[in-house]
Amino acid sequence: MKRTALLAGAGMALMVLPLAGLLQRAPWSTLGTELASREARDALGLSLVSSLGALAVSVVLGVPLAWILARVPFPGRALVRALVMLPMVLPPVVGGVALLSAFGRRGLLGSWLGSLPGFPLPFTLRGVVLAQAFVAMPFLVVATEAGLRQLDRRHEEAAATLGARPWRRFRTVTVPLIAPSLAAGAALCWARALGEFGATITFAGNLPGRTRTLPTAIYAGLQTRPEGAVALSLVLLAVCLAVLVALRGRWLGTT
Amino acid sequence: MRRIVASFVAALVVAGCTTASEPTLTVLAAASLAEAFADLDPGEQVRYSFAGSQQLVAQVEAGVPADVVATADEAAMDRLVRANLVETPVVFARNKLAIAVRPGNPGRIRVLADLARPGLRLALADGTVPVGRFAQQALQKGSVRVRPVSLELDVKAVVSRVASGEAEAGIVYATDVTRASGVEGVAIPDDLNVVATYPAAVVRAGANRPLARRFVFRLTGDRGRAALAAHGFLAP
Amino acid sequence: MTLVAEVGVRLGALDLDLALEASPDEVVAVVGPNGAGKSTLLRALAGLVRLGRGRIVLGDRVLADARTGAHVAPEGRRVAVVFQDTLLFPHLSALDNVAYGLRARGAGRADARRRGGDWLGRVGLAVDHHHSRPGRLSGGQAQRVALARALATEPELLLLDEPLSAVDAAAKGHLRRVLRERLAVTPGVRLVVTHDPVDAMTLADRLVVVEDGRVTQEGPIAEVTTRPRSAWVARLVGLNLFRGRGEGGRLVLPGGSALTVATTVEGPAFALVHPRAVTLHRRPPESSARNAWAGRAAGLHFEGDRARVEVDGTPPIVAEVTPAAATELRLAEGGRVWVSVKATEIDVYPG
């Protein structure tokens with residue numbers, strides 16, 4: 001028991017000490033002015049807008065995807081599921097490189113769609129949203145699929161016998177019943193999108209006011225103005241902590 | 001359980017021992033020196049670590065074990081000097097800026113002022129990186145107002161933006177366009193150009209300062225200069 | 001609006017193959033042991049299971065036809081189901097649950113809620129429960145809501161799947177009455193699936209017995225229970241049923257033994273013996289009973305003022321005696337006992 005406690009203590013220290021260090025280095029006295037600066041506000045605003053955009057994309061594309069994975073048996077389903085989860089374990093920069101090779105100006109799709117409105121994507125806010133959605137959507141899909149699998153489908157059957165067609169059943173019965181899983185997935189998805197760095201900077205670049213999100217601003221600022229960077233880090237830290245506390249241990253669809 | 005812990009500790013000790021047995025120098029150097037340093041013949045075992053100059057400074061300040069530090073920026077080195085973390089630095093090379101363009105120069109960029117062309121996708125390095133600062137200075141000298149599409153966090157990223165076609169032009173070091181990096185160079189005239197000086201210094205906290213001093217000395221010797229020149233660096 | 005159904009479904013180990021007709025004039029109870037296929041039949045009628053073979057026609061509308069592949073989805077059939085587990089939507093109040101079917105068919109929220117409230121009144125749910133979530137309702141209350149929810153859609157076919165099984169004994173009687181009243185005035189075809197004989201007797205006019213995926217007997221309740229054609233029904237109504245071949249004045253049973261009977265029947269036949277007509281003895285009886293055999297008392301159950309004794313013998317039989325007689329006979333489980341039945345007490349009919 002003592003050995004277990006010791007190891008557990010070491011584990012906790014590993015997780016907590018870096019955060020404590022951050023808090024200790026924080027410029028508490030100048031925090032307000034740091035965060036009010038033009039760069040900070042730009043980065044914060046951009047991060048908020050892009051991460052919410054990424055969340056929206058993830059919901060619109062991810063929920064149907066989760067539905068298909070949970071409900072429709074098709075050959076290769078396990079492979080598709082693995083591919084969907086790939087961005088969760090892929091190093092983000094690799095994700096960025098992959099996005100470039102698909103959507104960059106000379107990419108698979110990007111080279112063709114280059115002249116269409118809305119394209120090209122690198123160096124734009126749309127590109128940031130895409131990069132963030134790429135890394136964050138799997139969280140939503142996994143949580144939603146788990147929720148759908150755990151659902152008692154007889155409620156949907158009952159709704160059908162009462163005359164409700166598929167879309168109404170989905171809207172009025174399925175979604176409310178998987179709402180907790182969906183919410184947990186969405187929260188994690190949003191937090192992940194907010195904190196995304198490697199794929200964003202590789203795919204969308206770094207331009208203050210256009211594509212410089214919070215994490216990029218932190219990385220760039222770390223060298224020259226650590227106080228500013230630490231202040232921004234605190235914001236990100238606070239947001240992520242708030243999300244996790246709100247989830248209260250409800251993780252990826254398990255109750 | 002005890003056996004697992006014991007073998008883990010043993011592995012750590014062995015790993016530690018192997019690095020201590022041969023005298024190896026750890027050299028922290030600016031990213032732009034990567035290819036040139038690979039061709040050096042330092043005469044002893046050297047381990048290199050390349051990063052942006054600001055990062056190198058941060059590492060030395062944080063006490064990362066290193067014997068020599070070589071930055072692309074005198075201002076960066078000055079911080080270390082003021083903090084008394086290094087011995088007197090020695091300038092061992094210089095570098096000029098150049099405009100990187102796609103092979104064949106499809107955009108027909110000939111002068112710095114061409115970079116102000118509306119709609120031109122220009123990649124620069126961020127102001128926190130030395131080459132980025134120098135680029136700003138050069139642009140200011142030429143009174144060229146540009147709207148870059150991205151401020152990359154190191155010079156290699158600028159090169160790769162242009163090489164991949166995402167950007168049409170970028171301002172990088174001259175040394176970045178003489179190698180097979182996938183870009184061509186357009187020269188910037190000396191009156192507009194900015195010269196970067198590369199200082200190298202022995203880290204005071206290093207384990208083997210005599211060896212480190214020999215390394216720095218060699219950098220400025222004939223063979224060192226030849227290797228650097230072959231990669232496009234200017235003499236100090 | 002008659003239901004005419006030939007249902008053939010293969011589901012796992014179950015092979016359901018039966019024909020069923022039900023008119024709006026009578027309530028039909030589908031009974032049988034667990035696993036017989038009753039629920040599967042219900043699900044097929046509701047459209048939740050596809051037919052492997054057969055056809056379902058309600059009124060003049062073909063709901064499913066295995067040959068043409070036609071299958072009207074559940075939402076397109078006017079078939080409502082009261083489920084065994086109620087399956088009330090946990091995120092909606094009782095009122096909104098009842099209003100659900102109305103809203104699905106296009107009613108506005110206020111209108112649906114008003115009508116829903118009326119239905120809840122008809123099934124006897126107190127108004128202060130109308131806005132409660134299903135989690136806060138008792139079993140009996142929840143089942144009322146489930147009933148109201150189904151009735152509110154005014155279906156052409158109303159299916160009830162073990163409607164009282166999840167309700168506790170105390171509430172069962174009351175709820176059964178409510179159910180009976182509502183079923184009596186509900187138009188359309190009404191089908192109740194149950195394994196509880198009291199439910200079947202109370203709620204239905206006609207019985208369909210399903211065993212192992214097949215209909216083994218159907219007809220008006222009185223007829224089925226007094227002339228059971230399956231051991232299950234007999235057990236249901238607490239009678240001894242024997243099946244054998246009539247030869248002259250005897251019914252020869254599989255296994256070789258025979259019962260002497262008073263009625264002459266030739267060919268395949270059933271013999272019904274009420275447990276009370278079975279007499280138990282400690283020694284071989286000297287009575288005028290023409291049927292007597294030995295056995296072992298395999299089970300002894302005291303039920304109020306009766307004692308039911310299951311006797312293992314050739315053939316096995318259940319006897320009903322007074323507790324006093326049981327004590328007098330010093331009956332103990334496993335003890336040897338003699339059985340006698342008068343030929344005149346055996347009800348024989350062809351089968």
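Scroll up to find the structure this text is about.
Residues numbered from 1 in each chain as written. Chains lettered and ligands numbered in written order. Predicted model: local features only at pLDDT ≥ 70, side-chain atom pairs only at ≥ 80, totals over all residues. Heavy atoms only, no water.

Moving on, we get to the interface of chain A and chain B. In this complex, chain A contributes 22 residues to the contact, which on the side of chain B involves 20 residues. The tally of links from chain A across to chain B stands at two salt bridges. Taking the shortest distance from any N to any O, the salt bridge between B:Glu166 and A:Arg105 comes out at 2.9 Å. Taken together, chain A and chain B are joined by eight residue pairs in polar contact (both at pLDDT 80 or more). Listing elements by their share of the side of chain A that touches chain B, those giving two or more residues are α1 (2-25), α10 (198-204) and α11 (214-224) of chain A. Split into classes, the residues belonging to the side of chain A that touches chain B amount to twelve nonpolar, six polar and four charged. (Contact = heavy atoms within 4.5 Å. Salt bridge = Lys/Arg side-chain N within 4 Å of Asp/Glu carboxyl O. Polar contact = N/O pair within 3.5 Å; in protein donor to acceptor, adjacent residues only side chain to side chain. Helix = DSSP H or I, 4+ residues; strand = E, 2+ residues; numbered from the N terminus. Nonpolar A, V, L, I, M, F, W, Y, C, P; charged D, E, K, R; others polar.)

Glancing now at the packing of helix α5 (residues 92-103) of chain A against helix α7 (residues 125-150) of chain A. Residue and element names in this part refer to chain A. Two elements in contact, α5 and α7, have axes separated by 11 Å at closest approach and are oriented at 125°. Of the possible angle classes, the one that applies to α5 and α7 is oblique. Classified by chirality, the crossing of α7 by α5 is right-handed. Here Gly-95, Leu-99 and Phe-103 of α5 lie close against α7, whose contacting residues are Leu-130, Ala-131 and Phe-134. In terms of residue class, the contact of α5 with α7 is made up of five nonpolar, one polar and no charged. (Axes fitted to C-alpha atoms, helices over the stretch in contact; angles between N-to-C directions. Parallel < 35°, antiparallel > 145°, perpendicular 65-115°, else oblique. Left-handed = near helix turned anticlockwise from the far one by under 90°.)

Another aspect to go through is the sheet that holds strand β3 (residues 27-31) of chain C. Residues and elements named next belong to chain C. In space, the six strands of this open sheet follow the order β7-β8-β9-β3-β10-β11, with mixed pairing throughout. Each end of this open sheet is capped by a strand with a single partner; those strands are β7 (79-82) and β11 (214-220). Pairwise comparison of adjacent strand axes, ignoring direction, gives a mean angle of 20° for this sheet. Where strand β8 (residues 157-161) meets strand β9 (residues 189-194), five bridges bridge the pair, whose relative direction is parallel. Bridging from a neighbouring strand, Asp-161 pairs with Val-193 of β9. The strands touched by helix α1 (residues 38-46) within the sheet are β3, β7, β8 and β9, with β8 carrying the most contacts at an inclination of about 150°. (Pairing = 2+ DSSP bridges.)

In the structure shown here, the tally under the stated rule is 36 salt bridges over all chains. For A:Asp42, the salt bridge is made with A:Arg38, and the minimal N-O distance between the two is 3.4 Å. Separated by four residues within a single helix, A:Asp42 and A:Arg38 lie in helix α3 (residues 38-71), roughly one turn from each other. A:Asp42 gets classed as partly exposed once you look at its relative accessible area, which sits at 25%. In this structure, the salt-bridge partner of A:Arg192 is A:Glu196, at a minimum N-O distance of 3.0 Å. Several salt bridges converge on common partners, so that one network encompasses C:Arg10, C:Asp15, C:Asp17, C:Arg53 and C:Arg214. (Buried < 20%, exposed > 50% of the residue type's maximum accessible area, 1.4 Å probe, protein only.)

Moving on, we come to the interface of chain C and chain A. Contact with chain C, which involves 22 residues of that partner, is made by 18 residues of chain A. A buried area of about 1,800 Å², summed over both sides, lies between chain C and chain A, and 62% of it is on carbon and sulfur atoms. Looking only at chain C, the three residues that lose the most surface to chain A are C:Glu75, C:Leu87 and C:Tyr100, adding up to 34% of its buried area. Summed over the shared surface of chain C and chain A, the number is three salt bridges. Notably, a salt bridge pairs C:Glu75 with A:Arg169, separated by 2.9 Å at the nearest N-O pair. Seen at the junction of chain C and chain A, the total is eight residue pairs in polar contact (both at pLDDT 80 or more). Only α1, β7 and α2 (94-104) of chain C provide two or more residues apiece to the side of chain C that touches chain A. (Buried area = accessible area lost by both parts, 1.4 Å probe.)

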